[in-house]
Amino acid sequence: MQDPQKHLRTCNLCEAMCGIEITHEQGKILSIKGDPHDPLSQGHICPKAVALQDLQEDPDRLRYPMIKTPQGWERISWENAFNEAASRIRNIQAKHGRNAVALYAGNPSIHNVGTMLTLPPLFNVLKTDNRYSATSIDQLAPMLVAMKLYGNQLLLPVPDIDRTDFMLCIGGNPMASNGSLFTAPGFKQRVKALQERGGRLVVIDPRHTETADIADQHHFIRPGTDALLLMAMLHTLFSQDLVKTGRLSGLVQGVNIVRNMVSGFSPQRVTKHVGIKAKDIRQLTIDFASANSACCYGRMGISTHSFGTLTNWLINLLNILTGNLDEPGGVMFTRPAIDLPGLAEVGGQTGSFNSRKSRVRKLPEFGGEFPSATLADEILTEGKGQIKALITIAGNPVLSVPNGKRLETALDKLDFMVAVDFYLNETTQHADIILPPTGPLEHGHYDLALNMVTVRNTAKYSPPLYKPTPDARHDWEILLELTRRLQPHSPLKWAAGELQYQAMKRMGVEGMLDLLLRIGPYGVLPERWHPLQERVVKSLYKRLDDRSTTRALLDVSPFSRHTQHRSHQLSLKKLKDNPHGIDLGPLEPCFPDRLATQGKVINLVPNLFIKDIARLQKLLDKPAKQSPDSFLLIGRRDIRSNNSWMHNSQRLVKGKNRCTALIHPKDAERLQIQDGDNIVISSRVGEIDIPAELSEKMMPGVISIPHGWGHHRSGSQLEVASQHAGVSLNDITDERCIDAISGVAAFNGQVVTVSKIKANQNVVRINDKRLALTSNR
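Sequence order sets the numbering: in each chain, residues are counted from 1 along the sequence as written. The predicted nature of this model means local features are confined to residues of pLDDT at least 70 and side-chain atom pairs, given and counted, to a pLDDT of 80 or more, with totals for whole chains, interfaces and linings taken over all residues. Here the side-chain values reflect all heavy atoms present in the structure, with hydrogen atoms and water set aside.

A. Focus on the overall build of the protein chain. Within the protein chain one finds 27 helices and 30 strands. The quantity called the radius of gyration is restricted to C-alpha atoms. Its globule counterpart is 2.2 Å times the number of residues to the power 0.38. Taken over the C-alpha trace, the protein chain has a radius of gyration of 26 Å; the compact-globule value for 777 residues is 28 Å, and the two agree within 12%. Along the longest, intermediate and shortest principal axes, the C-alpha atoms of the protein chain span 70 × 70 × 65 Å. With a 1.4 Å probe rolled over the protein chains alone, any residue whose accessible area is under 20% of its type maximum counts as buried; one over 50% counts as exposed, and the rest are partly exposed. Counting every position in the protein chain, which comprises 777 residues, the buried fraction comes to 62%. Every residue pair with non-hydrogen atoms within 4.5 Å of one another is taken to be in contact. Partitioning the intrachain contacts of the protein chain with sequence separation of at least 6 by distance along the chain shows that 74% fall at a separation of at least 24. When the accessible area of the protein chain is evaluated, it comes to approximately 30,100 Å², of which 49% is carbon and sulfur surface. When the 92 positive and 78 negative side-chain charges of the protein chain are each reduced to one mean point, those points stand 4 Å apart. The secondary structure listing takes helices from DSSP runs of H or I that are at least 4 residues long and strands from runs of E that are at least 2 residues long, numbered from the N terminus. Note that accessible areas follow from Shrake-Rupley with a 1.4 Å probe, and for residues the cover is restricted to the protein chains shown. His is not counted here, nor are the chain ends, while Lys and Arg score as positive and Asp and Glu score as negative. To locate a charge, the coordinates of NZ of Lys, CZ of Arg, CG of Asp or CD of Glu are taken.

B. The arrangement of the pairing of strand β6 (residues 101–105) in detail. Taking burial as the measure, the five residues of β6 include five buried ones, the bulk of the element. Burial along β6 is two-sided: the residues Val-101, Leu-103 and Ala-105 and Ala-102 and Tyr-104 are all buried. Two strands form a pair only when DSSP identifies at least two bridges running between them. In terms of strand pairing, β6 meets strand β17 (residues 389–393) through five bridges, oriented parallel. When the bridges of β17 are listed, Tyr-104 appears paired with Thr-392. For the handedness criterion, the strands are oriented away from the viewer, and a crossover whose path from the first strand over the helix to the second runs clockwise is classed as right-handed. Regarding topology, helix α3 (residues 113–126) serves as the crossover connection from β6 to the parallel strand β7 (residues 131–133), and that connection is right-handed.

C. Structural view of the sheet that holds strand β10 (residues 200–204). Within the open sheet, the four strands sit side by side as β11-β10-β9-β13. Their pairing is parallel. In the strand order of this sheet, the two ends are held by β11 (217–219) and β13 (295–298), each with one partner. Taking the axes of each pair of neighbouring strands and ignoring which way they run, one obtains an average angle of 15° across the sheet. Where β10 and β11 come together, three bridges link them in parallel fashion. When the bridges of β11 are listed, Ile-204 appears paired with His-219. Here helix α11 (residues 278–290) sits on the sheet in contact with β9 (166–170), β10, β11 and β13, set at roughly 135° to β9. Helix axes are fitted only over the stretch in contact, all axes being lines through C-alpha atoms; the angle between N-to-C directions runs from 0 to 180 degrees.

D. Spotlight on the sheet that holds β7. Taken in spatial order, the seven strands line up as β5-β4-β19-β18-β17-β6-β7 in an open sheet, and their pairing is mixed. The outermost strands of the open sheet, each flanked by one partner alone, are β5 (72–75) and β7. Averaged over all neighbouring strand pairs, the angle between strand axes comes to 20°, with direction disregarded.

E. Spatial organisation of helix α10 (residues 267–274). Those residues of α10 that fall on the buried side of the exposure criterion are Pro-267, Val-270, Thr-271, His-273 and Val-274. Looking at the buried side of α10, the elements it contacts are α8 (226–239), α11 and α24 (613–621).

F. Seen up close, helix α19 (residues 491–518). A helix's residues, less one, multiplied by 1.5 Å, set its expected span. Its 28 residues give α19 an end-to-end C-alpha distance of only 34 Å, which falls more than 12% under 40 Å, the value for a rise of 1.5 Å per residue. Residue Gly-508 marks the point of greatest curvature in α19, where the axis turns by about 95°. To get the bend at a residue, fit one axis to the 7 residues ending there and another to the 7 starting there, then take the angle between the axes.

G. Highlighting the packing of helix α4 (residues 140–150) against helix α13 (residues 308–321). Interhelical geometry of α4 versus α13 gives an angle of 50° and a closest axis separation of 8 Å. The angle between the axes of α4 and α13 places the two elements in the oblique class. Note on packing geometry: the crossing formed by α4 with α13 is right-handed. Contacts between α4 and α13 involve Ala-141, Pro-142, Leu-144, Val-145, Leu-149 and Tyr-150 on the former and, on the latter, Gly-308, Thr-309, Asn-312, Trp-313, Asn-316 and Ile-320. Note on residue categories: nonpolar means Ala, Val, Leu, Ile, Met, Phe, Trp, Tyr, Cys or Pro, charged means Asp, Glu, Lys or Arg, and polar means any other residue, Gly included. When the residues that make up the contact of α4 with α13 are grouped by side-chain class, the tally is eight nonpolar, four polar and no charged. Oblique is the label for any angle not covered by the other classes, which are roughly parallel (under 35 degrees), roughly antiparallel (over 145) and roughly perpendicular (65 to 115). Handedness of each helix crossing follows the sense of rotation of the near helix against the far helix: counterclockwise by less than a right angle gives left-handed, clockwise gives right-handed.

H. Geometry of the nonpolar core. Residues belong to a common nonpolar core when they are buried Ala, Val, Leu, Ile, Met, Phe, Trp, Tyr or Cys residues joined through side-chain atoms within 4.5 Å. By size, the foremost hydrophobic cluster in this structure holds 127 residues, and its most contacted members are Tyr-150, Leu-168, Trp-313, Tyr-446 and Phe-591. Element by element, the count of residues in this core is highest for α8, at ten residues. Formed by 29 residues, the second largest nonpolar core is a distinct cluster that contains Ile-76, Leu-103, Leu-126 and Leu-435.

I. The arrangement of unusual backbone geometry in detail. The residue after Phe-591, namely Pro-592, is reached through a cis peptide bond having omega 10°. Along the polypeptide, Pro-592 turns up in the loop between β21 (582–585) and β22 (602–603). Residues other than glycine seldom take positive phi values, yet Ala-394 does so here, at roughly 50°.

J. Molecular detail of the side chain of Glu-426. Structurally, Glu-426 is set in the loop between β18 (416–420) and β19 (433–435). One speaks of a salt bridge when a side-chain nitrogen belonging to Lys or Arg is within 4 Å of a carboxyl oxygen belonging to Asp or Glu. One buried charged residue, Glu-426, forms no salt bridge at all, with the nearest opposite charge on Arg-713 at 6.3 Å. The residues contacting Glu-426, other than those within four sequence positions of it, are Asn-396, Val-398, Leu-399, Gly-710, His-711, Arg-713, Ser-716 and Leu-718.

K. Fine view of the pattern of salt bridges. Summed over all chains, the structure comprises 41 salt bridges. For Glu-442, the salt bridge identified is with Arg-61, shortest N-O distance 3.8 Å. Pair noted here: Glu-442 is in the loop between β19 and β20 (457–459) and Arg-61 is in the loop between α1 (51–57) and β4 (66–69), with a separation of 381 residues, a long-range link. By relative accessible area, Glu-442 is classed as buried at 12%.

L. Layout of the environment of His-273. Looking at the secondary structure, you find His-273 in helix α10. Owing to a relative accessible area of 7%, His-273 belongs among the buried residues under this scheme. Residues His-273 and Gln-617, 344 residues apart in the sequence, show an inter-C-alpha distance of 12 Å. Among residues more than four places away in sequence, those in contact with His-273 are Arg-222, Thr-225, Leu-228, Leu-619, Leu-620, Lys-622, Pro-623 and Ala-624. For His-273, the side chain forms a polar contact with the main-chain oxygen of Leu-620, separated by 3.1 Å. Any N or O atom pair separated by 3.5 Å or less is treated as a polar contact, with the protein-specific requirement of one donor-capable and one acceptor-capable atom, and with residues adjacent in sequence counted only for side-chain atom pairs.

M. Representation of the packing of aromatic side chains. Each pair of aromatic rings taken from Phe, Tyr and Trp, with Trp reduced to its six-membered ring, is defined by centres within 6.5 Å and is described as stacked if the planes are under 30 degrees apart, edge-to-face if over 60, and tilted in the remaining cases. Across all of its chains, the model carries ten aromatic pairs by this definition. Note on Tyr-150 and Phe-591: the rings are 5.7 Å apart at their centroids and 50° apart in plane angle, and the pair reads as tilted. You can see Tyr-150 sitting in helix α4 and its partner Phe-591 sitting in the loop between β21 and β22, a full 441 residues away along the chain. Neither residue differs from the other here; Tyr-150 and Phe-591 are each classed as buried. Relative to Tyr-423, the ring of Phe-422 lies with its centre 5.3 Å away and its plane at 75°, an arrangement referred to as edge-to-face. With relative accessibility at 17%, the residue Phe-422 sits in the buried group. On the basis of relative accessible area, Tyr-423 is assigned to the buried category, the value being 8%. One aromatic cluster is present, formed by Tyr-150, Phe-333 and Phe-591 through successive ring pairs. Over the ring of Tyr-64 we find Arg-75, and its NZ or CZ is 4.0 Å from the ring centre. Put simply, a charge is over a ring when the Lys NZ or the Arg CZ is close to the ring centre, within 6 Å, and near the line of the ring normal, within 35 degrees. The ring of Phe-123 has Arg-131 lying over it, and the distance from NZ or CZ to the ring centre is 3.8 Å.

In structure tokens:
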């Protein structure tokens, strides 16, 4: 009998990128623990990592293609599944136009290197304007701000927590997420180190979160008013003569315009709206500006409300105008081994906004995608360009987009739907064909996306632990086969597509990864390029013609200006030889070199954002009052959960019910609600019944419900999740509530009403409408 084996990898179930050590024997996992030698996580691990085993072994996980028939779901061969899906899509586009087919990519897509590398060719062959993803219900706002301020949507500033003296966290909960757009595994220990060196963490949030529990100070804030708070802080910077732009002074334009812009937003004016005393706003600003180094960080709580874009912009202004942008201890930019921002700049793909508008609601595109809040509109509204078919990839939008019930209705109206997913869930149950990829431990892993936002530059490759069965397909193989079958019929275009298909198939994900590592800032260039590598490089860089060489690529690449980093001589082989990962060093100042703006300057006041100040002024001019039974809704996240895709793991859902509505005891007393009572929460679009959980950690007038639950829908095949169904927050979020600039769903700050279900009332639902039957007894 063989001794137990050790397998090192990065967990890809959330943003933490925890390095883990899996002990296994004869195909059975014995234990999963943190890898103390991982240069980023240093042994820290979150509970989700152990669920890798559950996902791999889940009996509900689909392992072969399925087709829906009048008799139910039936197994189908891969060849027939690919041919049927491609034929249906091709016929629908021929009959109704290219925009009749839409594509939705879910959050797990960015955690899969194969998906990220093979999605662009599928986009190119579909040529549809109707692209959607989790971006517009998540991180679109900070990406749009990065594009407008720094010229590249992927230049996302990261808090340098390991060197800062003051961290201000607004609307984020890194204790639950381990950092989102701020990958910081072991966040609690990093905060402890900050405090031990005399630094401080201050949290601003409508809920006293797990992060607030370890902070030095916490302030409640009324949901949706973060922009007013930040305007008042900028006002204080100018009134107290605290503005300093330091090394970047020659690059920053528009400081005086900002001064005039904030003149009417003093702490005294905003205090009633935000719920923070004016003197506390002033002191917070002075403390932040006076610290040797400081970083302001905001996340989902400030990105997904009606002023999400404006709030993200103002956070950047606060960091810039206190001299904390691109400085150690402030907010900095990574230089990852596969440098996606650099590749985007060289390839002319730094971002787009409002190049076209959606058909029904005229919402702007961003990065080639329309906001997911309007997906149902585009399916249900008849006329030219109506969506007739949908491809979903690792997504569950029925639970993740606002007014999920309306989208659920819309999916049933489609002529055809194909899902790339290994679960039969609330969304994929509406598909005609399901194409399940391999499990998380059956393919290699390199984190392309999250390495852009880590608190330290590192590189690590995780080979597969298990060999997939002969009839299994990886995500990238599925997408590649669909792309091949959807190529145009014209001989020249078909030949070019076939050449690309053969090149990518022969190289595989590992070959493409090796190529990207070698041309990156730390890579070692081969003496001679393989013809396949040459072709793939040229497909990545639209600026190169067929006569260009890969040496020409390096002449125009930002990598060529940083040859000092090439001492690492990275390649895939080197990463395989260093299974714990390689430390590439701390974040370093990179401006103006890294700036992708015209003239390499930072315009603090893009017209797009300045125009929205008038809308913020209207909010300030409104009375800050709520009716007695109305509440402002916010979501929340638990460390054992990540959206909707972690609820079929028994070890992650066991214990007390976490799908509850948190409400302040004073609010509960006013409404005669006891802890554990079932309550009804209603909005324009619907209502949910949910247990109340009384908590003084809630701001009065605010109610909190976690997202990602609602596994009671019939037709899914999720045994564990259905036993812990909960309710879906997005059955009551209104798809009309959006950020006016971007069209991003405004989940946080929506107004809902709350009432108690009376003891003599039985709630009956007919056609999903609630009827209250009152007993005469």
